[in-house]
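Single-letter residue listing:
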Amino acid sequence: MLPVVALVGRPNVGKSTLFNVLTRSRDALVHDLPGVTRDRHYGVCRLGATPFVVVDTGGFIENAEGLDSQTARQAQFAIDEADVVLFTVDARDGVLPTDRAILDRLRRSGKPMLLVVNKVDGLDENAVLAEFSALGIADTFLTSAAHSRGVTPLLATVQSLLPKVDADALAEGADDGIRVAIVGRPNAGKSTLVNRLLGEERVIASDVPGTTRDSIRIALERDGRRYTLIDTAGIRRRARIEDALEKFSVIKSLQSVEAAHVTVLMLDAREGVSEQDATLIGHVLESGRALVVAVNKWDGLDKYQREQCMTSLARKLDFAAWARQVYISALHGSGIAELMKAVNRAYASANHVFTSSELTRAVEQAYQAYQPPLVRGHTPKLKYAHPGGTNPPTIVIHGARTKHIAEGYRRYLENFFRKRYRLEGTPIQIVFRDGE
Ligand code: GDP
Ligand code: GDP
């Protein structure tokens, strides 16, 4: 599971600015998709060697008095989950009493902590250091998040503090088959599905303890294929976890998605796509992972309701139309075979290996059938292509003036490749390069 880094500090010190710098995604693919609510408090930092989950604990302190308020508990939960805490302060304000109060709380958590003194732009750094040395934190970093300055050394130290990931557990050869994360809101039916899968196959459910925390992996064999179900909070520990907060933890969901080959997003057919679901899909898209949407509790709907549901889902999930929607009843077992087929298909698609020659031929054909429209007098040219990796399958296309290729044309190419290679359930990444 990915390690967790929490940003803590009073409002206005620059946490969300720093968060954005750390979580800026590899490509802008996801950010402006209509219909995807992106929860701007949770993200994955992929800037260094080890990716990690970043949590902006935002409203923590304002609510410090009423600790049972939802935001404050979310924040405390994030700190409890964190491997490293970045205690963030404002260089311009100097040390304030609130900073000391937060620091007290953080010290009690016993978590490894770095002090981030932000907004140092235009200030005398030695004076700033002198001021904040009063807090007595050994590891101090001066940053200007708004200008992305000072982030590199901070990141290097964060990485050095993160737990070493068990290389064996992550090794490509590790024989755990297709890793499947089942995510979704509480009561969508995730536990019922897991039990159904396990019950049907009479497998020995083996709990392989996760590397650091109590993450649970369940081995499953079905129709001669091996799978590992990656536990999300609440799936198997229902009895112990009655707290809705822990039953739906964005951190846990994010970690599961990142650790999986294929994510199954479970929806309750009667509830449709909620904001939480859209947020999760946003994270799945950003991670580039394969996705299958399981629409559960199909048994409870009449014909009219089913039609309504399908129409509404098609519209709401339009931005991830490549993800298969499977209608199931975890309770009665219908649609389960189809669901697992979709998982297999998504996995195979995500790992599809192209060859350069066939890709180049495909690009030539696509280009001939439909050329990119002229943009302000520029005609982009596409010349040849080669594979750029799997999971998601990536296609690198070389050409000229490719920066003038519009989003509509990129989508045309994506659909072309999708049809030609029959890729279903996975995003496809297309990278354009100019020149040789
Ligand atoms: P948060 O409440 O801690 O999340 O703080 P924000 O990230 O929303 O930042 C609060 C304000 O400080 C915004 O107006 C930012 O533009 C500004 N800010 C953030 N980082 C810097 C910085 O490095 N230098 C300066 N001068 N301003 C910054
Ligand atoms: P989780 O919180 O996502 O793990 O959800 P559960 O598996 O605990 O299911 C929540 C409730 O929905 C339970 O009462 C289940 O019996 C019920 N449920 C789950 N799957 C189905 C289904 O396919 N049809 C119907 N009618 N109820 C279901």
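As the structure is a prediction and not an experimental result, all values here were calculated from the model.

Q: What is the right way to look at the overall build of the protein chain in this model?
A: From N to C terminus, the protein chain includes 14 helices and 16 strands. Residue pairs at least 24 apart in sequence account for 73% of intrachain contacts in the protein chain once pairs closer than 6 positions are excluded.

Q: In this structure, what is going on with the site of ligand 2? I would like to understand it.
A: With respect to spatial proximity, 17 residues lie near ligand 2, and among them Gly189, Lys190, Ser191, Thr192 and Leu331 are the closest. It is helix α7 (residues 190-201) that provides the largest number of residues to the shell around ligand 2, a total of 3 residues. Among the residues making up the shell around ligand 2, the classes are represented as 5 nonpolar, 9 polar and 3 charged.

Q: Looking at this model, I keep getting lost on the site of ligand 1. Mind explaining?
A: Looking at ligand 1, there are 14 residues lining it, with Gly14, Lys15, Ser16, Thr17 and Ala146 nearest. For the shell around ligand 1, the leading source of residues is helix α1 (residues 15-23), giving 3 residues. Tallied by class, the residues present in the shell around ligand 1 amount to 4 nonpolar, 7 polar and 3 charged.

Q: How do you make sense of the sheet that holds strand β5 (residues 113-118) when you look at a structure like this?
A: In sheet architecture, strand pairing relies on hydrogen bonds along the backbone and comes in two forms, parallel and antiparallel. If you trace the 6 strands from one edge of the open sheet to the other, you get β2-β3-β1-β4-β5-β6, paired in mixed fashion. The open sheet terminates on both sides in strands that have one partner only, identified here as β2 (42-45) and β6 (140-142). Averaged over all adjacent pairs, the angle separating strand axes in this sheet is 25°, with direction ignored. Helix α5 (residues 151-161) rests against β1 (4-8), β4 (84-90), β5 and β6 of the sheet, and its axis sits at about 170° to β5. Packing of helix α9 (residues 250-259) onto the sheet brings it into contact with β1, β2 and β3 (52-56), and relative to β2 it is tilted by some 35°.

Q: How should I be thinking about the pairing of strand β12 (residues 290-296) in this particular structure?
A: Regular strands have side chains that alternate between both faces of the sheet. Judged by how many residues are buried, β12 sits mostly within the fold: 7 of 7 residues are covered. Of the two faces of β12, the one carrying Ala290, Val292, Ala294 and Asn296 and the one carrying Leu291, Val293 and Val295 are both buried. Here 7 bridges tie strand β11 (residues 262-268) to β12, and the two strands are oriented parallel to one another. Paired with leucine 267 across the two strands is valine 295, which belongs to β12. The parallel pair β11 and β12, bridged by helix α10 (residues 275-287), forms a crossover whose chirality is right-handed. Examined bridge by bridge, β12 and strand β13 (residues 324-327) share 4 bridges and lie parallel to one another. Residue pairing in the sheet places valine 292 in a bridge with arginine 324 of β13. Taken together, β12, helix α11 (residues 303-316) and β13 form a β-α-β motif whose crossover is right-handed.

Q: Before we go on, may I ask you to explain unusual backbone geometry in this structure?
A: Excluding glycine, residues mostly have negative phi values, and the peptide bonds linking residues are mostly trans. Residues asparagine 391 and proline 392 are joined by a peptide bond in cis, for which omega reads 5°. One can find proline 392 in the loop between β14 (381-389) and β15 (394-400). For aspartate 223, which is not glycine, the phi dihedral falls at a positive 50°. If you trace the backbone, aspartate 223 turns up in the loop between β9 (216-222) and β10 (225-230).

Q: Mind showing me how you'd approach the environment of alanine 350 here?
A: Among the secondary structure elements, alanine 350 is positioned in helix α12 (residues 336-350). Spatially, the C-alpha atoms of alanine 350 and methionine 1 are 20 Å apart, while their sequence positions differ by 349 residues.

What counts, and where the lines are drawn
- Residues numbered from 1 in each chain as written.
- Chains lettered and ligands numbered in written order.
- Predicted model: local features only at pLDDT ≥ 70, side-chain atom pairs only at ≥ 80, totals over all residues.
- Helix = DSSP H or I, 4+ residues; strand = E, 2+ residues; numbered from the N terminus.
- Contact = placed C-beta atoms within 7 Å.
- Near = placed C-beta within 6 Å.
- Nonpolar A, V, L, I, M, F, W, Y, C, P; charged D, E, K, R; others polar.
- Pairing = 2+ DSSP bridges.
- Axes fitted to C-alpha atoms, helices over the stretch in contact; angles between N-to-C directions.
- Buried ≥ 20, exposed ≤ 12 C-beta atoms within 10 Å, placed from the backbone.
- Right-handed = clockwise from strand over helix to strand, strands pointing away.

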